[in-house]
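# Residue-level structural notes
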Amino acid sequence: MKTLVLLAIWGITLPACIEAIHGLYNFGQPELFYKKNNCKPIPANLLLCHDIEYTDMRLPNLLGHETMNEVLQQASSWIPLVQKQCNPDTRKFLCSLFAPVCLDDLDEPIQPCRSLCESVKHGCAPVMSAFGFPWPDMLDCSRFPPDNDLCIPPAGIDNFVPVTREVPRVCDACKEKEENDNEIVDSLCKNDFALKIKVKEISYMNGDTKIVPETKSKTIYKLNGVTERDLRKTVLWLKDGLQCVCDEMSDINAAYLVMGQKMDGHLVITSLKRWQRGQREFKRISRSARKLQC
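In this text, all values refer to a predicted model and were calculated from it rather than measured experimentally.

Looking now at the state of the cysteines. What the rule picks out here adds up to 6 disulfides. Here Cys39 connects covalently by a disulfide to Cys102, the sulfurs 1.9 Å from one another. Disulfide Cys39 to Cys102: torsion about the S-S bond roughly -80 degrees, handedness left-handed. With a gap of 63 residues between them, Cys39 in strand β1 (residues 38-41) and Cys102 in the loop between α5 (90-98) and β3 (111-112) connect regions that are remote in the sequence. Using a relative accessible area of 25% as the deciding quantity, one classes Cys39 as partly exposed.

Pasting the structure below:
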């Protein structure tokens, strides 16, 4: 189902998200309020918060990140949760922490209101719980100020914009294709590698999805221009993975058939299918790979 996209992927990356939250300042600590304020433009590669309602963010932020590199590294892990659309204000809440609005004439940071936290928690905590992760203690909503203080509130009834349920663009590599035997062979021949893998780790870099397979799970169907050294520490890339969705990768315990090409030293995925044992298509793929003659 399209609206469940990236849920499993987010389950893999969730420990990194929790680690990012553990850096959250205690909101009663004076360090947060008296550290030298540093206004920075929100960079275009901060995909979580780029094009939000304001342009300048405060460093250090409310999570204790003091450099933009820290913010960029940690913020990308939360994009799949925003794509899950568990609450219309998820992005606003996360950006109030990762990229708090910075105003020259205001010394103290503007925190999210308690009601904003509670609203997002109500919608998104069940998503986290589905993977065995509780709502982080450091995001205990009682830490945030009540709505009668200066803080960022949830969307009101008057300015509430319903969340669109339009499905994000499907990654080209993940689009379903019906192929006959000749087309399967042609696809294998066009690519530099074809591997059956299980996923060990998923992360994000510069908008791309980085996939690390389990070392012992790889089955090699084709290598062309890809060396054993390339495969020793295999890292696969799904280009622009944060800008699209991949329904095929919805089960973290499943095996996958990945095909792709070596580009600028990187193994870039051009086709990804969940391996269905016994399914006719995959029997044909195995048969075609064994007698492959390009």
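On the surface, Asp104, Asp105, Asp107 and Glu108 cluster together into a patch of negative charge. Mapped onto the secondary structure, Asp104 falls in the loop between α5 and β3.

Summed over all chains, the structure comprises 3 salt bridges. Here Lys175 ties to Asp172 by a salt bridge, and the two come within 3.1 Å at their closest N and O atoms. The partner of Lys239 in a salt bridge is Asp208, with the nearest N and O atoms 3.3 Å apart. Taken as a pair, Lys239 in the loop between β8 (236-238) and β9 (255-263) and Asp208 in strand β6 (residues 208-213) lie far apart in primary sequence, 31 residues in all. A relative accessible area of 11% places Asp208 in the buried class.

Applying the stated criterion across every chain yields a total of 2 aromatic pairs. With 6.4 Å between their ring centres and 20 degrees between their planes, Phe93 and Trp135 make a pair best called stacked. Here Phe93 is found in helix α5, whereas its partner Trp135 is found in the loop between α6 (114-129) and β4 (151-152), with 42 residues between them in sequence. A single burial state applies to Phe93 and to Trp135, both of which are buried. Aromatic side chains Phe93 and Phe144 sit 5.9 Å apart centroid to centroid with 80 degrees between the ring planes, which places their arrangement in the edge-to-face category. Within this pair, whereas Phe93 is found in helix α5, its partner Phe144 is found in the loop between α6 and β4, the two being separated by 51 residues in sequence. By the burial criterion, Phe93 is buried, and Phe144 matches it. Put simply, the rings of Phe93, Trp135 and Phe144 pair up and form one aromatic cluster.

Criteria and cut-off values
- Residues numbered from 1 in each chain as written.
- Predicted model: local features only at pLDDT ≥ 70, side-chain atom pairs only at ≥ 80, totals over all residues.
- Heavy atoms only, no water.
- Disulfide = S-S within 2.5 Å.
- Helix = DSSP H or I, 4+ residues; strand = E, 2+ residues; numbered from the N terminus.
- Buried < 20%, exposed > 50% of the residue type's maximum accessible area, 1.4 Å probe, protein only.
- Patch = residues over 30% accessible without salt bridge, like charges linked within 9 Å, V, L, I, M, F, W, Y side chains within 5 Å.
- Areas by Shrake-Rupley, 256 points an atom, 1.4 Å probe, with all protein chains shown as cover.
- Salt bridge = Lys/Arg side-chain N within 4 Å of Asp/Glu carboxyl O.
- Lys, Arg positive; Asp, Glu negative; His and termini not counted.
- Charge placed at Lys NZ, Arg CZ, Asp CG, Glu CD.
- Phe/Tyr/Trp six-rings, centres within 6.5 Å; stacked < 30°, edge-to-face > 60°.

Just distances and angles here, no functional claims.
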